[in-house]
Amino acid sequence: GAGVSQSPSNKVTEKGKDVELRCDPISGHTALYWYRQSLGQGLEFLIYFQGNSAPDKSGLPSDRFSAERTGGSVSTLTIQRTQQEDSAVYLCASSLFSPLTGNSGNTIYFGEGSWLTVV
Amino acid sequence: QKEVEQDPGPLSVPEGAIVSLNCTYSNSAFQYFMWYRQYSRKGPELLMYTYSSGNKEDGRFTAQVDKSSKYISLFIRDSQPSDSATYLCAMSAITTSYGKLTFGQGTILTVHP
């Protein structure tokens, strides 16, 4: 597709259930990012994948959160035993390569997000 | 204290006004500075990108970075109703993972006709 594709776009789940959120990055992009955006808050970094390197998981808030990226393309963010505080928009993004370059050629493109509500 | 502080607004201006959006930060390692625009229920899109200090202009938009004051600004000239959105500043340090952008809270801007 032309942009970063995320599914589901909306998800309502019961507290304690597991959820999986999917991200399909722009074709050819080697870097993939997950961010979380809570109501009225800025974006919070979760995890970053770059090619075959070990991912930067430093932003994952607890061990209930995990993510994988298969074949260097599609990524899945899994939240186990969901809590109400997990309710947020989960945004995936991708870029052609990393690191950021001085010519601003490495734009990060965001998807429209998966809106998660835990009830 | 958050690493990046941004006044959430909301900010309401008449069409044609000059808009000033600002962020302050505490991490002196930040070298890359960005402004994103986010429309309702959409993902953020990159507006401006600046490396280190200085000014950068693109059409009606001007980004300024003052590293000595740890202060960045985005100016919008001749604002239009289509500029109504949430504006997020973001920063990254050269010494950390380049995927790890640190965002401000976002400022909600409404430009009314």
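Each remark here, short or long, concerns the structure printed above.
Residues numbered from 1 in each chain as written. Chains lettered and ligands numbered in written order. Predicted model: local features only at pLDDT ≥ 70, side-chain atom pairs only at ≥ 80, totals over all residues. Heavy atoms only, no water.

A. Spatial organisation of the overall build of chain A. Of the regular secondary structure elements, chain A holds zero helices and 10 strands. Ordered by position from N to C terminus, the α and β elements of chain A give β-β-β-β-β-β-β-β-β-β. When the 119 residues of chain A are sorted by exposure, 47% land in the buried category. The long-range fraction of contacts in chain A, counting pairs at least 24 apart against all pairs at least 6 apart in sequence, stands at 57%. Looking at chain A as shown, the accessible area adds up to about 5,600 Å², and 46% of this sits on carbon and sulfur atoms. (Helix = DSSP H or I, 4+ residues; strand = E, 2+ residues; numbered from the N terminus. Buried < 20%, exposed > 50% of the residue type's maximum accessible area, 1.4 Å probe, protein only. Contact = heavy atoms within 4.5 Å. Areas by Shrake-Rupley, 256 points an atom, 1.4 Å probe, with all protein chains shown as cover.)

B. The sheet that holds strand S3 (residues 19-25) of chain B, seen in detail. Residue and element names in this part refer to chain B. Taken together, the five strands give an open sheet; going across it, the order is S1-S3-S8-S7-S6, and neighbouring strands pair in antiparallel fashion. Every other strand in the sheet has two partners, leaving strand S1 (4-6) and strand S6 (54-58) as the edge strands with one partner each. Between one strand axis and the next, the sheet turns by 15° as a mean value, whatever way the strands run. Pairing of S1 with S3, which is carried by three bridges, proceeds in the antiparallel orientation. Residue pairing in the sheet places Val4 in a bridge with Tyr25 of S3. (Pairing = 2+ DSSP bridges. Axes fitted to C-alpha atoms, helices over the stretch in contact; angles between N-to-C directions.)

C. Just the pairing of strand S7 (residues 61-66) of chain B, in detail. Residue and element names in this part refer to chain B. Where S6 lies against S7, five bridges are found, and the strand directions are antiparallel. Bridge pairing in S7 links Glu57 to Thr62. With antiparallel pairing between neighbouring strands as the criterion, S6 and S7 make up a hairpin whose turn holds two residues, including Gly59 at a positive phi of roughly 65°. Across six bridges, S7 lies against strand S8 (residues 71-76) in antiparallel orientation. Note that in S8 the partner of Ala63 across the bridge is Leu74. The hairpin turn running from S7 into S8, its antiparallel successor, is four residues long, and Lys70 in that turn takes a positive phi close to 55°.

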